[in-house]
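Working through the structure, step by step
Listed below, chain by chain, are the residues.
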Amino acid sequence: KRSLLLGGAIAFGFLIITLLNGFTSGLVVSVKENFSGIFGGHIFITGEEITERGSVVGKISSSDVLDDIAESFDEDIFRVIRRSGMSGDLIFGSKKTFLSVDGIDYSDETGFFSNIELIEGSLKDAVKPGSIIIPDTTADKLGVQVGESVLFSTTTVTGQKNVGEFVLQGIFKGQASFGISSAYASITDVNDIIGLTPEGFISYNLYLYSMEDMDRIGDEIYDALQQREEVAPREGDEDSGDTGESRRHGFAMGGMFQGFSLPQAEDPWEGTKYNFVTLNEMMSPIMSLVNVLKTISQVVFIILIVITMVGIMNTFRMILIERTNEIGTMRAIGVQRRGILSIFVLEAGIIAASGAAAGFIISLIIMLVMSFISFSNVTALSFFLREGSIYFSVLPNEIITNFIILITLSLVAAFLPARAASKLKPAEALRAEY
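The structure reproduced in this document is the subject of the present report. (Residues numbered from 1 in each chain as written. Predicted model: local features only at pLDDT ≥ 70, side-chain atom pairs only at ≥ 80, totals over all residues. Heavy atoms only, no water.)

1. Details of the overall build of the protein
- Scanning the protein from terminus to terminus reveals 13 helices and eleven strands.
- By residue count, 47% of the 434 residues in the protein fall in the buried class.
- A separation threshold of at least 6 residues defines the contact pool for the protein, and within that pool the share at least 24 residues apart is 81%.
- For the protein, the accessible surface area stands at approximately 21,600 Å², while carbon and sulfur atoms represent 58% of it. (Helix = DSSP H or I, 4+ residues; strand = E, 2+ residues; numbered from the N terminus. Buried < 20%, exposed > 50% of the residue type's maximum accessible area, 1.4 Å probe, protein only. Contact = heavy atoms within 4.5 Å. Areas by Shrake-Rupley, 256 points an atom, 1.4 Å probe, with all protein chains shown as cover.)

Structural data, given as structure tokens:
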């Protein structure tokens with residue numbers, strides 16, 4: 001009975017840490033997938049060029065250099081897409097609100113609508129020329145309905161004010177709580193308003209086969225850009241102590257959208273100067289929150305381990321007292337001290353391993369059951385969900401590491417009582433009465 005209770009405590013501790021690790025790891029995967037779907041990629045490259053007047057404009061006139069580099073990473077890159085964007089005032093009647101509009105090539109991004117939840121309107125109408133879809137919070141603020149016309153006031157890439165007209169064809173669940181309030185329209189319509197050709201674009205986005213390789217591939221692509229003569233040097237590139245990651249810190253997502261005053265180039269360049277960022281870098285604030293959760297889970301695990309070690313030591317002290325006569329008998333018939341020590345340590349190892357295995361199996365069952373529960377109606381959780389449900393990701397290295405830690409500390413906790421048992425003198429142990 002005592003062993004079962006001890007094994008149950010170990011199982012509970014391992015269950016908790018497995019659930020917490022599975023939740024936080026799954027949370028990272030879900031958030032990255034959702035954000036990559038909304039932003040359109042895992043790696044984002046924007047360009048800056050100089051106008052005849054010496055102003056800096058955000059655009060990429062030719063994708064030849066980027067296409068060539070992307071081809072060299074063909075085994076890693078799943079898809080290349082191009083987007084344009086603008087920021088400005090969306091106007092309906094006497095009301096207006098400031099937001100960004102992403103220009104989407106719907107024929108190329110066939111899976112785009114799987115990443116947003118359309119509340120009103122239809123996908124068939126949303127892809128029509130002159131159409132726009134906006135977040136529900138924006139629709140409520142303006143009081144606009146599907147089928148009504150709205151105006152969008154923005155700035156072209158060359159700095160002139162311009163106004164475009166759209167027909168609202170869809171309203172989707174927004175994520176204003178995450179600072180995301182973008183609307184979406186056809187890239188052709190967006191390019192027309194901001195002064196780009198129909199084939200032009202602002203952002204060159206890359207989807208990777210594996211998000212785990214994002215940082216490595218991102219650094220390699222950035223280095224490849226730096227080696228091209230067509231790419232103007234960026235600030236800090238001559239600084240030998242400047243790493244690839246720190247050189248990219250100047251990039252801001254706002255650079256992907258128009259609607260701000262054009263700066264004058266202090267040191268004009270030829271061609272295109274590229275800005276580069278990965279999804280991991282964009283999500284650094286969210287990843288900081290996830291790391292806090294991971295830290296909390298590790299602290300909880302340590303506390304549970306300490307409690308378990310105390311329980312193991314007390315349990316085996318009681319076992320030592322109860323089995324004193326048995327130990328004396330075994331020593332009397334020739335069992336060596338090392339044999340007694342091994343018996344106690346082995347028993348502790350079996351209890352710890354059995355408890356950990358039971359906790360792991362129960363945690364898998366709980367995760368499986370929770371993965372079938374839908375939270376799609378909870379808008380605030382939508383970016384943390386995968387297909388409307390909580391996603392758990394069980395990482396083998398974390399499970400193995402936690403298992404080794406648990407077994408090792410359990411054996412350490414049992415060692416002192418086991419050593420005391422092995423040192424009992426046979427005659428004294430046989431005479432002992434408890």
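2. Considerations on the nonpolar core
- Among the nonpolar cores identified, the biggest contains 36 residues, and I43, I45, Y204 and I221 are the most heavily contacted of them.
- Those elements that place two or more of their residues in this core are α1 (2-39), β1 (43-50), α2 (64-72), β10 (203-208), α6 (214-226), β11 (273-278), α8 (279-282) and α9 (284-322).
- Discounting residues that sit within four places of it in the chain, I221 has contacts with I43, I45, I69, F73, I77, L206 and F276.
- Listed in part, the 24 residues of the second largest apolar core include I17, F344, L406 and A414. (Core = buried A, V, L, I, M, F, W, Y, C linked by side-chain atoms within 4.5 Å.)

3. Overview of the environment of G143
- Considering the arrangement of structural elements, one finds G143 in the loop between α4 (136-142) and β7 (149-155).
- Sequence separation between G143 and F92 is 51 residues; the distance between their C-alpha atoms is 8.0 Å.
- For G143, the residues in contact, after removing those within four places along its chain, are F92 and E148.

4. Considering a nonpolar patch on the surface
- Judged by side-chain polarity, F23, L289, V292, L293 and I296 come together as a nonpolar surface patch covering roughly 410 Å² of accessible area.
- Within the fold, V292 resides in helix α9. (Patch = residues over 30% accessible without salt bridge, like charges linked within 9 Å, V, L, I, M, F, W, Y side chains within 5 Å. Salt bridge = Lys/Arg side-chain N within 4 Å of Asp/Glu carboxyl O.)

5. Let's talk about the packing of α1 against helix α11 (residues 337-371)
- In the contact formed by α1 and α11, the axes pass within 7 Å of each other and the chain directions differ by 45°. Comparing the axis directions of α1 and α11 gives the class oblique. Crossing of α1 against α11: the hand is right-handed. When α1 is examined against α11, the residues S3, L6, G7, I10, A11, F14, L15, T18, L19 and G22 are found in contact with a partner set consisting of E347, I351, A352, G355, A356, A358, G359, F360, I362, S363, I366 and M367. (Axes fitted to C-alpha atoms, helices over the stretch in contact; angles between N-to-C directions. Parallel < 35°, antiparallel > 145°, perpendicular 65-115°, else oblique. Left-handed = near helix turned anticlockwise from the far one by under 90°.)

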